[in-house]
Amino acid sequence: MSVLVFDLDGTLVSSMEDLVATLNVVMTAAGHSAIPQDDVAHMVGMGAKVLIQRGLEFNGIDWTDADIEPLFEHFLEHYAANIAVHTRPFDGVVDALKAFREEGWKLAVCTNKAERLTLPLLTELDLSQYFDAVISGDTFSVSKPDAAPVHGAINQAGGTVTGSIMIGDSVTDINAARNAGIPVIAVNFGYTPVPVEQLGPDRIISHFDELAGAVTALADAPSKTS
């Protein structure tokens, strides 16, 4: 059984506003400057700790792991309480998920977001019902771009690596798919400092209405993993 493995932030859901708002609560509480959304967009999608690190660097702060931990805890606390103020699925996501399930696909989420945030967000947005497995950034000892979370998502969904496909928005997702030995479809509306066209995914879509066609095309064409 083949599995479609989806990234979360920037792929399934538009979460930037809530993430940036939380980052700025943390930054200003620590005495640093808030960061304009346009300047932080490329920082989203690699996990909260990386987001905080980049926020400190934006403020010209040299940081250590000890500096990050209290900010990370503040981030998790605030974000958990404000996880879906603005966050919504991208247009076409729900219809696409429904259609794939009706066609018999297994579906999984594989994100670098912490589990304590991933599961409540999926529940809040009424998306949990569509997925056979959810792998978060702390489910395993490693996270994307390591292959283990992708393989774990496929296994927990009851599928096989052969025939499965990754859908993501960044180099992290593309490299995770490559490492896992599966093809990858990239959305071009997500959170990445480098246009996905430059990252070499097997297919690119600009709306979830295009996903079914991209999946079908990959079934009939050799992927770059071969």
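Not measured: the values here are computed from a predicted model.

Rules used in this analysis
Residues numbered from 1 in each chain as written. Predicted model: local features only at pLDDT ≥ 70, side-chain atom pairs only at ≥ 80, totals over all residues. Heavy atoms only, no water. Helix = DSSP H or I, 4+ residues; strand = E, 2+ residues; numbered from the N terminus. Buried < 20%, exposed > 50% of the residue type's maximum accessible area, 1.4 Å probe, protein only. Contact = heavy atoms within 4.5 Å. Areas by Shrake-Rupley, 256 points an atom, 1.4 Å probe, with all protein chains shown as cover. Lys, Arg positive; Asp, Glu negative; His and termini not counted. Charge placed at Lys NZ, Arg CZ, Asp CG, Glu CD. Polar contact = N/O pair within 3.5 Å; in protein donor to acceptor, adjacent residues only side chain to side chain. Salt bridge = Lys/Arg side-chain N within 4 Å of Asp/Glu carboxyl O. Pairing = 2+ DSSP bridges. Axes fitted to C-alpha atoms, helices over the stretch in contact; angles between N-to-C directions. Patch = residues over 30% accessible without salt bridge, like charges linked within 9 Å, V, L, I, M, F, W, Y side chains within 5 Å. Phe/Tyr/Trp six-rings, centres within 6.5 Å; stacked < 30°, edge-to-face > 60°. Lys NZ or Arg CZ within 6 Å of the ring centre and 35° of its normal.

### Focus: the overall build of the protein chain
Now for step 1: Scanning the protein chain from N- to C-terminus turns up nine helices and eight strands.
Now for step 2: A total of 226 residues make up the protein chain; the buried ones form 47% of that total.
Now for step 3: Residue pairs in contact within the protein chain that sit at least 24 positions apart in sequence constitute 64% of those at least 6 positions apart.
Now for step 4: Here the protein chain displays about 9700 Å² of accessible surface, and carbon together with sulfur accounts for 49% of that area.
Now for step 5: Taken together, the 12 basic and 30 acidic charged side chains of the protein chain have centroids lying 5 Å from each other.

### A short note on the side chain of Asn24
Now for step 1: Mapped onto the elements of the fold, Asn24 is located in helix α1 (residues 16-29).
Now for step 2: Given the relative accessible area of 14%, Asn24 is considered buried.
Now for step 3: One polar contact links the side chain of Asn24 to the main-chain amide nitrogen of Ile35, over a distance of 2.6 Å.
Now for step 4: Once you skip the residues sitting within four places of it in the chain, Asn24 turns out to touch Ala34 and Ile35.

### Examining helix α8 (residues 171-180)
Now for step 1: Of the positions making up α8, those classed as buried are Thr172, Asp173, Ile174, Ala176, Ala177 and Ala180.
Now for step 2: Contact partners of the buried residues in α8: α7 (147-156), β6 (165-168) and β7 (184-187).
Now for step 3: Gly181 lies just past α8 and shows a positive phi near 80°.

### Structural notes on the pattern of salt bridges
Now for step 1: In this structure the tally under the stated criterion is eight salt bridges.
Now for step 2: A salt bridge links Asp9 to Lys113, with the nearest nitrogen and oxygen atoms 3.0 Å apart. With Asp9 in the loop between β1 (3-6) and β2 (13-14) and Lys113 in the loop between β4 (106-110) and α6 (115-124), this pair connects stretches of sequence that are 104 residues apart.
Now for step 3: A relative accessible area of 7% places Asp9 in the buried class.
Now for step 4: Judged by relative accessible area, Lys113 falls into the buried class, the value being 7%.
Now for step 5: Linking Arg116 and Glu73 is a salt bridge whose minimum nitrogen-to-oxygen distance equals 3.8 Å. Of this pair, Arg116 sits in helix α6 while Glu73 sits in helix α4 (residues 65-81); the two residues are 43 residues apart in sequence, bridging distant segments of the chain.
Now for step 6: For Arg116, a relative accessible area of 47% translates into the label partly exposed.
Now for step 7: Among the residues examined, Glu73 registers a relative accessible area of 40% and is labelled partly exposed.
Now for step 8: A single salt-bridge network, built from bridges that share partners, covers Asp7, Lys144 and Asp173.

### Things to note about the sheet that holds β4
Now for step 1: One open sheet accounts for six strands, arranged β5-β4-β1-β6-β7-β8; its pairing is parallel. The strands lining the two open edges of the sheet, one partner per strand, are β5 (133-135) and β8 (203-205). Between one strand axis and the next, the sheet turns by 20° as a mean value, whatever way the strands run.
Now for step 2: In terms of strand pairing, β6 meets β7 through three bridges, oriented parallel. Across the sheet, residue Met166 finds its bridge partner in β7, namely Val184.

### A short note on a negative patch on the surface
Now for step 1: On the surface, Asp91, Asp95, Asp209 and Glu210 cluster together to form a negatively charged patch.
Now for step 2: Inspection of the secondary structure assignment puts Asp95 in helix α5 (residues 93-102).
Now for step 3: Judged by its relative accessible area of 58%, Asp95 falls in the exposed class.

### Things to note about the environment of Met166
Now for step 1: Counting through the fold element by element, Met166 comes out in strand β6.
Now for step 2: A relative accessible area of 0% places Met166 in the buried class.
Now for step 3: It is 7.9 Å that separates the C-alpha atoms of Met166 and Asp7, two residues lying 159 residues apart in sequence.
Now for step 4: When residues no more than four places from it in sequence are discounted, the contact partners of Met166 are Val5, Asp7, Cys110, Lys144, Val150, Asp173, Ala177, Ile182, Pro183, Val184 and Ile185.

### Some thoughts on the packing of aromatic side chains
Now for step 1: All chains considered together, the criterion is met by six aromatic pairs.
Now for step 2: Ring centres of Phe90 and Phe189 lie 4.7 Å apart, and the angle between their planes is 55°; on these two criteria the pair is classed as tilted. Of the two residues, Phe90 sits in the loop between β3 (88-89) and α5 while Phe189 sits in the loop between β7 and β8, which places them 99 residues apart along the sequence.
Now for step 3: Classification of Phe90 by relative accessible area gives buried; the value is 16%.
Now for step 4: On the accessibility criterion, Phe189 (23% relative accessible area) is partly exposed.
Now for step 5: Arranged with centres 6.2 Å apart and planes meeting at 85°, the rings of Phe100 and Trp105 form a pair that is edge-to-face. For the pair shown, Phe100 and Trp105 are each scored as buried.
Now for step 6: Through successive ring pairs, a cluster of aromatic residues spans Phe6, Phe90, Phe131, Phe189 and Phe208.
Now for step 7: The ring of Phe72 is capped by Lys49, whose NZ or CZ atom sits 4.9 Å from the centre of that ring.

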